[in-house]
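Working through the structure, step by step
Below are the chains, spelled out letter by letter.
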Amino acid sequence: LRQRTKQQKMAGRGNFSNRLGFILAAAGSAVGLGNIWKFPFEVEAGGGAAFVLIYLIFCFLLCFPVMVTEIAIGRKTNKNAVGAFNALGYSKWNIIGKMGIVAGVVILSFYNVVAGWALGYFFEMAQGNFSVGKEFGSYVSNISTTGIYAVIFMALTAFVVSRGVSAGIEKGAKILMPTLIVMILGLLAYSLTLPNAMTGVKYYLIPEFGELNLKTIGGALRQSFFSLSLGMGTIITYGSYLSKKENIISSTVSVTLFDVGIAFLAGLMLFPLVAYSTGGDMSNIQGGAGLIFAALPSVFESLGAGLGSILGAFFFLLLSFAALTSTVSLLEVPVSYVVDEHKISRPKATAITAGVIFIAGLPSLVGNGYSEMFTSFVTYIGAEKPVGFMDFLGHLADCMLLLGGFLIVTFAGYVWKKENLNEEIAIGYEGYENSRVKIFIGFAVRYLCPALLGILFVMVV
Ligand code: VAL
């Protein structure tokens, strides 16, 4: 009998135990390096609040219907990103799922490297070694250190995923997400008390509409898809573990608000810290990827060795937690595919996929100064200098996410048909039939999203 239960357990795909479990896991996927590391410097480059405004519009107008569709397709079929399209009877369209898996794998390959830096910085800060910021370039090119942290991070991710949906992913999110919120709020409250904090807040929030152009609008669109984990198979997969009792619309609203809220708070926490360390002079702050890894350590140093070390360690631990719930969701996409389609046990599938993705991440690992070839990998037409392998993959993935988003709404609107989509959403949502949101979703998947995403895709990639 015990043998049989074990077999049944292996065949079963698992489920989130309740709505909160799903929301925390999906929000855990969404909230990640994208929010705390990328969002603030995108805002800074894109004209402050003007960028935030466009970003919010994209999240609620374009990403919202995409997320609803992804969850509905996953839940309807209880299948992985590829199997879902087969189960609906449209196996030709499973190309959307395949592209999602590839995008998820590509992202995880380099994301894990950056997550490893965050973990490494945690230990550096804890030891009071603030010089890593100034030596950021040599830190990331030293692959014997960054390589070890990348291995550790992938192993942690694999550990959570191998435990399954409720005992691994959900449990992890239930511990890490509340901790993350408390940490962000604590650090935010502290940073707002520092001298020149308001200069930082103003710098962050006063809109400069002059800085809005096609490039920054494209940046906002890419950021919204990346941050909400759309087009990478994750939300379809997590949706497949969601119970029929739950309301897809309100779950999507919660996840979106969670993601947008954390990104916003991360910026609000960061810029006062930066303003404090520069004495309120914001004319010369370092943007880009270095905003956190290169600039923050000296911010913490300026708070004094004891306090700086505690707060610095605290910050990079927070960043590592945020990254972990995201890497877990990214690894779950191929694992769920391998478990469903190839009937391999979850622990084995996890070990194999994590190993392969780690190896795929090696060019990103060495492409930050160690290997000349991968550090200056390609020069885009019209660009001044070459970008590294990691940036190249980031760009490639962004294109895939937008294309995936475009294709999935088009699929739902014209192939699977909005009636079927609505039928799935109505389960778990009393009164959906006569609601305005139903009219919006129908309009969005047929006209709004395909048209806008199609146009923007051509304009910004
Ligand atoms: N959405 C996450 C992030 O913003 C990952 C999964 C890309 O970091």
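So, a few notes on the structure that sits alongside this text. Nothing here was measured: the structure is a model prediction, and the numbers come from that model.

Section: the overall build of the protein chain
Broken down by element type, the protein chain carries 22 helices and zero strands. For the protein chain, whose C-alpha radius of gyration is 22 Å, the value lies close to the compact-globule estimate of 23 Å for 461 residues. Across the 461 residues of the protein chain, 58% fall into the buried class. Only carbon and sulfur atoms are counted for the fraction: they give 65% of the accessible area of the protein chain, which is about 18,200 Å².

Describing the side chain of Arg75
Here Arg75 is to be found in helix H4 (residues 49–77). On the accessibility criterion, Arg75 (0% relative accessible area) is buried. Only 2.8 Å separates the side chain of Arg75 from the backbone oxygen of Glu246, close enough to count as a polar contact. Among all residues touching Arg75, those that are not within four sequence positions of it are Gly239, Ser240, Leu242, Ser243, Lys244, Glu246, Ile248, Glu424 and Ile427.

Comments concerning helix H3 (residues 33–45)
An ideal rise of 1.5 Å per residue puts 18 Å on 13 residues; H3 measures up with 17 Å between its terminal C-alpha atoms. Within H3, 12 of the 13 residues are buried, which leaves the element mostly enclosed by the surrounding structure. Of the positions making up H3, those classed as buried are Leu33, Gly34, Asn35, Ile36, Trp37, Lys38, Phe39, Pro40, Phe41, Glu42, Val43 and Glu44. After H3 finishes, the residue Gly47 shows a positive phi value of roughly 90 degrees.

Focus on the nonpolar core
In globular proteins that are soluble, nonpolar side chains generally tend to be buried together. Residues Ile292, Phe293, Phe300, Phe315 and Phe316 are the most contacted members of the largest nonpolar core, which totals 158 residues. Of the residues forming this core, the biggest block, 17 residues, is contributed by helix H6 (residues 94–126). Residue contacts for Phe315: discarding those within four places in its chain leaves Ile36, Leu187, Met269, Leu270, Ile292, Leu296 and Phe300.

Here we look at the packing of helix H2 (residues 19–30) against helix H9 (residues 165–192)
Between H2 and H9, whose axes approach to 8 Å, the crossing angle comes to 75 degrees. By the criterion of interaxial angle, the relationship of H2 to H9 is roughly perpendicular. Each of Gly21, Leu24, Ala25, Ala27 and Gly28 in H2 lies in contact with H9, whose residues at this interface are Ile169, Glu170, Ala173, Lys174 and Met177. Along the lines of polarity and charge, the residues of the contact of H2 with H9 split into six nonpolar, two polar and two charged.

Some words on the pattern of salt bridges
Tallied over the entire structure, the rule returns eight salt bridges. The salt bridge partner of Lys134 is Glu301, with a shortest N-O separation of 3.4 Å. With Lys134 in the loop between H6 and helix H7 (136–141) and Glu301 in helix H15 (residues 296–302), the pair connects residues that are 167 residues apart, well separated along the chain. We note a salt bridge from Arg222 to Asp398, for which the minimum N-O separation is 3.7 Å. Separated by 176 residues along the polypeptide, Arg222 in helix H11 (residues 214–227) and Asp398 in helix H20 (residues 389–415) bring together distant segments of the chain. The network of salt bridges with shared partners includes Arg75, Lys244 and Glu424.

Concerning the packing of aromatic side chains
Counting across every chain of the model gives 29 aromatic pairs. Measuring from ring centre to ring centre gives 5.0 Å for Phe39 and Tyr55, while their planes differ by 55 degrees; the resulting arrangement is tilted. With a gap of 16 residues between them, Phe39 in helix H3 and Tyr55 in helix H4 connect regions that are remote in the sequence. Each member of the pair, Phe39 as well as Tyr55, carries the same accessibility label: buried. Aromatic ring contacts, followed pair by pair, group Trp37, Trp117, Tyr121, Phe136, Tyr139, Phe293, Phe300, Phe315 and Phe316 into a single cluster. Lying over the aromatic face of Phe226, Lys38 brings its terminal NZ or CZ to 4.1 Å of the ring centre.

A look at the packing of H6 against H20
For the pair H6 and H20, the least separation of the axes is 9 Å and the interaxial angle reads 145 degrees. Crossing of H6 against H20: the hand is left-handed. Together, Ile96, Met99, Val102, Ala103, Val106, Ile107, Ser109, Phe110, Val113, Val114 and Trp117 of H6 and Met390, Leu393, Gly394, Ala397, Met400, Leu401, Leu403, Gly404, Leu407, Ile408 and Phe411 of H20 make up the contact between the two elements. Across the contact of H6 with H20, the residue classes break down as 19 nonpolar, three polar and no charged.

Things to note about the environment of Val66
Take Val66: it is sitting in helix H4. Classification of Val66 as buried rests on a relative accessible area of 0%. Placed 339 residues apart in sequence, Val66 and Gly405 show a C-alpha to C-alpha distance of 6.2 Å. Dropping the residues within four chain positions of it, Val66 is found in contact with Phe225, Leu230, Gly405, Ile408, Val409 and Leu453.

Digging into the site of the ligand
Inspection of the region around the ligand gives Ser29, Ala30, Gly32, Leu33, Gly34, Asn35, Tyr111, Phe226, Ser227, Ser229, Met232 and Ser326 as its neighbouring residues. Here an oxygen atom of the ligand sits 3.2 Å away from a polar atom, N or O, in the main chain of Leu33. Between an oxygen atom of the ligand and a side-chain N or O atom of Tyr111, the distance comes to 2.4 Å. In isolation the ligand exposes 260 Å². Once the protein is present, 100% of that is buried. Within the residue set of the shell around the ligand, elements represented by two or more residues are H2, H3 and H11. Counting residues per element, the shell around the ligand draws most heavily on H3, at three residues. Grouping the amino acids of the shell around the ligand by side-chain chemistry returns five nonpolar, seven polar and no charged.

What counts, and at which threshold
Residues numbered from 1 in each chain as written. Predicted model: local features only at pLDDT ≥ 70, side-chain atom pairs only at ≥ 80, totals over all residues. Heavy atoms only, no water. Helix = DSSP H or I, 4+ residues; strand = E, 2+ residues; numbered from the N terminus. Rg over C-alpha atoms; globule rule 2.2 N^0.38 Å. Buried < 20%, exposed > 50% of the residue type's maximum accessible area, 1.4 Å probe, protein only. Areas by Shrake-Rupley, 256 points an atom, 1.4 Å probe, with all protein chains shown as cover. Polar contact = N/O pair within 3.5 Å; in protein donor to acceptor, adjacent residues only side chain to side chain. Contact = heavy atoms within 4.5 Å. Expected span 1.5 Å × (residues − 1). Core = buried A, V, L, I, M, F, W, Y, C linked by side-chain atoms within 4.5 Å. Axes fitted to C-alpha atoms, helices over the stretch in contact; angles between N-to-C directions. Parallel < 35°, antiparallel > 145°, perpendicular 65-115°, else oblique. Nonpolar A, V, L, I, M, F, W, Y, C, P; charged D, E, K, R; others polar. Salt bridge = Lys/Arg side-chain N within 4 Å of Asp/Glu carboxyl O. Phe/Tyr/Trp six-rings, centres within 6.5 Å; stacked < 30°, edge-to-face > 60°. Lys NZ or Arg CZ within 6 Å of the ring centre and 35° of its normal. Left-handed = near helix turned anticlockwise from the far one by under 90°. Near = heavy atom within 4 Å.

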